[in-house]
Amino acid sequence: MVTVHNGDEDGVAVRRKLKDPDLRNLSTRLIFSIQKELFKTLAEQGHPELRPQHGAVLAFLDEEGTRATELSRQSGTHKQVIGNLIDELEALEYVERRPDPRDRRAKLVVPTPRGREQMEKSDAIMAAIEQRHAEAIGERRYAAFKDAFREITAQQLAQ
């Protein structure tokens, strides 16, 4: 183990395995790095008001609309948090609530034209990030990595 100072005022040392980080540390570092790049690039492309938290809605939103309960389930985020994020995105004119034609009591969260523009840009940014990694390690290794990561994620979610 290597001792790393976490930069707090008390100078408290935090121990972390740096040579062989566990899945939690690897996936956390990966998601934060991707979010940082994604939202920085989105800001440069005209969406500076978006924050990584909005990804819990935007990343799982279908163009035809998605129920808040489904956004909560897919993102693993509490329904009340999703409701607050939808409120924020609605105020920013990225989404709107509409009655669900299959169940008039339910509401769909539907992207607005601005929301669809952001979705297209986000998809392009993510495709570029993935392409960069595929080129760095090779297309076949990257495809195998994604297959394994998808399988591990599914197994973990089934727990």
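Being a predicted model, the structure only gives us computed values, none of them experimental.

Undergrad: Teacher, can you tell me more about the pairing of strand S4 (residues 103-111) here?
TA: When strand S3 (residues 95-100) meets S4, the two strands line up antiparallel, connected through six bridges. Looking across to S4, one finds that Pro99 is bridged to Lys107. If you look at the hairpin formed by S3 and S4, you'll find two residues sitting between the two strands.

Undergrad: Teacher, can you tell me more about the pattern of salt bridges here?
TA: If charged atoms from side chains of opposite charge come close, those side chains can pair. Counted by the stated rule, this structure contains 16 salt bridges. Put simply, Arg97 and Glu90 hold a salt bridge, and the shortest N to O gap is 2.5 Å. Ionic pairing is found between Arg105 and Asp103, a salt bridge with its closest N-O pair at 3.1 Å. Given the relative accessible area of 75%, Arg105 is considered exposed. Among the charged side chains, a salt-bridge network with shared partners connects Arg67, Asp100, Arg102, Asp103 and Arg105.

Undergrad: Explanation requested: the packing of helix H5 (residues 113-137) against helix H6 (residues 139-157) in the structure shown.
TA: Think of two packed helices as two axes; the pair is described by the angle between the axes and how far apart they sit. Two elements in contact, H5 and H6, have axes separated by 6 Å at closest approach and are oriented at 120°. If you check the angle between H5 and H6, you find them oblique. Where H5 abuts H6, its residues Glu130, Gln131, His133, Ala134 and Ile137 lie against Glu139, Arg141, Tyr142 and Lys146. Taken together, the residues of the contact of H5 with H6 sort by class into three nonpolar, two polar and four charged.

Undergrad: What should I look at first to understand the packing of aromatic side chains in this one?
TA: Between two aromatic rings, the relevant description is the distance of the centres plus the angle of the planes. The tally for this structure, following the rule as stated, stands at two aromatic pairs. Arranged with centres 6.0 Å apart and planes meeting at 40°, the rings of Tyr142 and Phe145 form a pair that is tilted. Here the residue Tyr142 and the residue Phe145 both occupy positions in helix H6, the gap between them amounting to three residues, near one helical turn. Between the aromatic rings of Phe145 and Phe149, the centroid separation amounts to 5.5 Å while the plane-to-plane angle is 25°, which identifies the pairing as stacked. Here Phe145 pairs with Phe149, and both are found in helix H6, just four residues apart, close to one helical turn.

Undergrad: What is the right way to look at a nonpolar patch on the surface in this model?
TA: Where nonpolar side chains cluster on the molecular surface, the patch consists of Leu23, Leu30, Ile137, Phe145, Phe149 and Ile152 and spans about 480 Å² of accessible area. Counting residues per element, the ones that place at least two in the nonpolar patch are helix H1 (23-44) and H6. Broken down by element, the residue count for the nonpolar patch peaks at three residues, all from H6. Tracing the backbone shows Leu23 in helix H1. Assessed through its relative accessible area of 49%, Leu23 is described here as partly exposed.

Undergrad: Please explain helix H4 (residues 79-91) as it appears in this structure.
TA: Three- or four-residue spacings in an α-helix give side chains the same orientation, since the helix completes a turn every 3.6 residues. Along its 13 residues, H4 runs 18 Å from first to last C-alpha, staying within 8% of the 18 Å computed at 1.5 Å per residue. Those residues of H4 that are buried are in contact with helix H2 (55-58), helix H3 (68-75), S3 and S4. At the exit of H4 stands Glu93, carrying a positive phi of roughly 65°.

Undergrad: I'm lost on the environment of Ile82 in this one. Help?
TA: Relative to the helices and strands, Ile82 resides in helix H4. Relative accessible area serves as the criterion here: at 0%, Ile82 is assigned to the buried category. Ile82 sits 26 residues away from Ala56 along the chain, and the two C-alpha atoms are 7.2 Å apart.

Undergrad: Can you walk me through the packing of H3 against H4 in this structure?
TA: Between H3 and H4, the least distance of the axes is 9 Å, while the angle of their chain directions is 115°. Two packed elements cross with a definite hand, and for H3 against H4 that hand is right-handed. Only Lys79, Ile82 and Ile86 of H4 make contact with H3, whose side of the interface consists of Ala68, Thr69, Leu71, Ser72 and Ser75. Of the residues in the contact of H3 with H4, the class split is four nonpolar, three polar and one charged.

Rules and cut-offs
Residues numbered from 1 in each chain as written. Predicted model: local features only at pLDDT ≥ 70, side-chain atom pairs only at ≥ 80, totals over all residues. Heavy atoms only, no water. Pairing = 2+ DSSP bridges. Helix = DSSP H or I, 4+ residues; strand = E, 2+ residues; numbered from the N terminus. Salt bridge = Lys/Arg side-chain N within 4 Å of Asp/Glu carboxyl O. Buried < 20%, exposed > 50% of the residue type's maximum accessible area, 1.4 Å probe, protein only. Axes fitted to C-alpha atoms, helices over the stretch in contact; angles between N-to-C directions. Parallel < 35°, antiparallel > 145°, perpendicular 65-115°, else oblique. Contact = heavy atoms within 4.5 Å. Nonpolar A, V, L, I, M, F, W, Y, C, P; charged D, E, K, R; others polar. Phe/Tyr/Trp six-rings, centres within 6.5 Å; stacked < 30°, edge-to-face > 60°. Patch = residues over 30% accessible without salt bridge, like charges linked within 9 Å, V, L, I, M, F, W, Y side chains within 5 Å. Areas by Shrake-Rupley, 256 points an atom, 1.4 Å probe, with all protein chains shown as cover. Expected span 1.5 Å × (residues − 1). Left-handed = near helix turned anticlockwise from the far one by under 90°.

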